[in-house]
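Below, each chain spelled out in residue letters.
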Amino acid sequence: MRSAIYYTLVVLILSVYGGQVCPFIASLHFAGWLATLALVFGAAFAARGAVIRVAMAGLAPFQWTARQFTADMALFMAAGLAISLIDALVHDFPFASAFKVMMGCVTLGFFASVDLALEREREVFRHYAASGEEPPARERVFPLTTKLALFATFTVISVSGVFALVLTRDFDLLSELGAEGAGVYMREVLVELMFIGAVALAAVVNLILSFSANLKLVIASENGTLWAVTNGDLAVRAVSATNDEFGQMARYTNTMLRQLAARAEEVEKTQDVTIMTLASLAETRDNETGAHILRTQRYVRALAEHLKTHPEFSGFLNGRTVDLLYKSAPLHDIGKVGVPDRILLKPGKLTPEEFEEMKKHPVYGYQSLRLAAGILGGSSFLTYAEEIAYTHHEKWDGSGYPRGLAGAAIPLSGRLMALADVYDALISKRVYKDAFSHEKARAIILEGRGAHFDPAVVDAFIAIEEEFVRIAAGHGAPDTGGGAGGGGGGGGGGVARGGDQGADHRPRRRVPGTGGERRIAYGGSGGQLAGGGQTACRPRGQGARRRPSESEHRHDAAGRRAGRSRGIVRENRAAQTGTNRRSDDPFRRFRQRGRAFHQPSA
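Since the structure is predicted, the reported quantities are computational estimates derived from the model, not experimental observations. (Residues numbered from 1 in each chain as written. Predicted model: local features only at pLDDT ≥ 70, side-chain atom pairs only at ≥ 80, totals over all residues. Heavy atoms only, no water.)

A. Representation of the overall build of the protein. When helices and strands are tallied, the protein shows 22 helices and two strands. Counting all 602 residues of the protein, 45% fall into the buried class. A separation of at least 24 residues holds for 71% of the contacts in the protein among residues at least 6 apart in sequence. When the accessible surface of the protein is totalled, it reaches about 30100 Å², and 60% of it is carbon and sulfur. (Helix = DSSP H or I, 4+ residues; strand = E, 2+ residues; numbered from the N terminus. Buried < 20%, exposed > 50% of the residue type's maximum accessible area, 1.4 Å probe, protein only. Contact = heavy atoms within 4.5 Å. Areas by Shrake-Rupley, 256 points an atom, 1.4 Å probe, with all protein chains shown as cover.)

This is the structure in structure tokens:
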């Protein structure tokens, strides 16, 4: 459509221009001259589509703009040459007339070709923006300053040439008319000059607007890319569609983004490995499974994804935040590393003093992560890890620990982790109980709505409970579709209330001198017995003591040898003597080093 308008305007302008610059053309009938122009330029326009297709055949999109400009200029010059030949052969016009016709066709053709090429450049830009492709780097760059210089130079020369041709003809006529007719004819000269100036001004302004539209696309793309990068999106790419400084800038920007993305991916992988290593360390000391980490972090992510649309949390929860919560969740029990072995691995019921020490593990976790964050200079993933480690044992009604926070004073990360941790403990098999069914765990969590758990988080859990079942089934949990309630823990409700966070339950330990085994059910990170603090015993042979058989002696000896690698010998010694060679505060040396690191020199 744009090209048809240009070819029509060229015909109309040349029909007036020809009679003003060439007396031979002025001698022709206006209708005949207009018909000649319409016939020639109509044929050129009809052939334009095929010429453009042939010229662009086999070229990449970034080559279309230059090739189209060349093709359009060739068509306008061919049309001017055809008109000159018709005038020379049919009307016997001299070379001077042909030169003036070619001057007009080339000048108008240049303005039209540049504008059509700029339109094609916008099309190429949108192609690369939609496809996400990036043109190859070109060895030779056509600077924008050179383009502007060439355009300005050609515009000045061509418009000045047209003015010179018109004035030359007018001066010749003025000399023939003499002084008497000069005054009347001067008005016609001014009208001609104003007409040519208006056409030239309109053409230049149109090209400025067209070029500004292209420049706006490029700048908007570059700014949009930088804005996305500022907000953490390193996958975005600037559109590089031109072979000038802006195209080169876009290519450099994309190269920089690829390098940043590669480094960020490396840092993120290192961060993830570090988190999982620290989390596995805590789980190893407490003899829990690594699948607990995988399940709970996926529960947290599922809850957070669902709450993204909740009016209360939509401003906080976004894709980046959810990802950080997911990655930080495995560190919720990292503070257990700071609990002495004599408490963490004690094969019997904890004393009230030991229980209070066990309840400090959220503080230990928070302090260690806070120290690490201070050394790193601040890290968003450590911020959420601190919150989760510090607050995942807080309860909605304020009865939790270590600070007794209540309601919205508990960070959302801690509220999410609290439900995820309890649910996984309930559906997991422990030495003191069988795995609860999903229905049983669901009922216990509903019972804690508004007391233990944030009601909004419980509602989210109910809405996506099928996803919880799929996560549990896909990461090593027993079948949650069935199973009994409490096997030695004093009932399901007792486990949830006494157990607090089930990931802190103790493994089975052989108690010396009992002639059998006890199933010790420890509560949430504190060693309270499940179901009101009762010890569930399962003696061999109806509780009667008997002499162990030879095979049992061999089994126990083998177990002791294997246990040395896990530290059980040290645990038994601690149980008998009440002492432990390990320091009660394993983080003491680490904190001392941290203080020494930050201590100013004398």
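B. Looking closely at the pattern of salt bridges. Going through the model one piece at a time under the given rule, you end up with 18 salt bridges. Residue Arg 442 pairs with Glu 465 through a salt bridge whose shortest N-O separation is 3.0 Å. Of the two residues, Arg 442 sits in helix H15 (residues 438–447) while Glu 465 sits in helix H17 (residues 465–474), which places them 23 residues apart along the sequence. The class of Glu 465 is buried, set by a relative accessible area of 18%. One salt bridge connects Arg 449 with Asp 459, and the closest N-O pair in it is separated by 3.0 Å. Taken as a pair, Arg 449 in the loop between H15 and helix H16 (455–463) and Asp 459 in helix H16 lie far apart in primary sequence, ten residues in all. (Salt bridge = Lys/Arg side-chain N within 4 Å of Asp/Glu carboxyl O.)

C. Spotlight on the side chain of Thr 225. Here Thr 225 shows up in helix H6 (residues 144–230). The residues touching Thr 225, leaving out its near neighbours within four places in the chain, are Val 236, Arg 237, Ala 238, Thr 253 and Leu 257.

D. Structural context of helix H9 (residues 319–328). Of all ten residues in H9, seven are buried, a share of seventy percent or more. The complete set of buried residues in H9 reads Thr 321, Val 322, Leu 324, Leu 325, Tyr 326, Lys 327 and Ser 328. Its side-chain oxygen at 3.1 Å from the backbone nitrogen of Arg 320, Asn 318 defines the N-terminal cap of H9. (Polar contact = N/O pair within 3.5 Å; in protein donor to acceptor, adjacent residues only side chain to side chain.)

E. Looking closely at helix H5 (residues 95–131). End to end, H5 covers 52 Å across 37 residues, agreeing with the expected 54 Å (1.5 Å per residue, within 8%). Trailing H5 by a residue or two, Gly 132 shows a phi angle of about 75°, which is positive. (Expected span 1.5 Å × (residues − 1).)

F. Looking closely at the packing of aromatic side chains. Under the criterion given, the structure shown has 14 aromatic pairs. Ring centres of Phe 110 and Phe 154 lie 3.9 Å apart, and the angle between their planes is 40°; on these two criteria the pair is classed as tilted. Of this pair, Phe 110 sits in helix H5 while Phe 154 sits in helix H6, and the two are 44 residues apart along the sequence. Overall, the relative accessible area of 9% leaves Phe 110 in the buried class. On the basis of relative accessibility, which here comes to 27%, the residue Phe 154 falls in the partly exposed class. (Phe/Tyr/Trp six-rings, centres within 6.5 Å; stacked < 30°, edge-to-face > 60°.)

G. Main features of the confidence of the model for the protein. The predicted model of the protein averages 76 in pLDDT, with 72% of residues at 70 or higher. In this model, residues 481–602 is a region of pLDDT below 50 whose contacts with residues beyond four sequence positions or in other chains number 197 contacts. (pLDDT = per-residue confidence, 0-100.)

H. Layout of unusual backbone geometry. With an omega of 15°, the peptide bond running from Tyr 401 to Pro 402 counts as cis. Positive phi, normally seen in glycine, also occurs at Asp 92, with a value near 60°. Tracing the backbone through its elements, the reader meets Asp 92 in the loop between helix H4 (64–90) and H5.

I. Layout of the nonpolar core. Counting residues in hydrophobic clusters, the biggest one holds 38 residues, and the most contacted among them are Leu 303, Leu 416, Leu 419 and Phe 468. It is helix H14 (residues 412–427) that provides the largest number of residues to this core, a total of ten residues. Look past the residues within four positions of Leu 419 in its chain and what remains in contact with it is Leu 303, Ile 445, Phe 453, Val 457, Val 458, Phe 461 and Phe 468. Core analysis: the next-biggest nonpolar cluster, separate from the first, contains 28 residues, Leu 14, Phe 41, Ala 44 and Ala 112 among them. (Core = buried A, V, L, I, M, F, W, Y, C linked by side-chain atoms within 4.5 Å.)

J. Looking closely at a nonpolar patch on the surface. On the surface, Met 1, Ile 5, Leu 9 and Leu 12 cluster together to form a nonpolar patch covering roughly 430 Å² of accessible area. Relative to the elements of secondary structure, Leu 12 occurs in helix H1 (residues 2–21). (Patch = residues over 30% accessible without salt bridge, like charges linked within 9 Å, V, L, I, M, F, W, Y side chains within 5 Å.)

K. Inspection of the side chain of Asp 333 at higher detail. With respect to the helices, strands and loops of the structure, Asp 333 is situated in the loop between H9 and helix H10 (341–344). Taking the relative accessible area as the measure of exposure, Asp 333 reaches 3% and is therefore buried. In terms of polar contacts, Asp 333 uses its side chain to reach the side chain of His 332, at 3.5 Å. One polar contact links Asp 333 to His 392, side chain to side chain, over a distance of 3.1 Å.

L. Seen up close, the packing of H14 against H15. H15 packs onto H14 with a crossing angle of 140° between their chain directions and a minimal axis gap of 9 Å. Judged by the inter-axis angle, H14 sits oblique to H15. Like other packed secondary-structure pairs, H14 and H15 cross with a definite hand, here right-handed. Seen from H14, the contacting residues are Leu 419, Tyr 423, Leu 426 and Ile 427; seen from H15, they are His 438, Ala 441, Ile 444 and Ile 445. In terms of residue class, the contact of H14 with H15 is built from seven nonpolar, one polar and no charged. (Axes fitted to C-alpha atoms, helices over the stretch in contact; angles between N-to-C directions. Parallel < 35°, antiparallel > 145°, perpendicular 65-115°, else oblique. Left-handed = near helix turned anticlockwise from the far one by under 90°. Nonpolar A, V, L, I, M, F, W, Y, C, P; charged D, E, K, R; others polar.)

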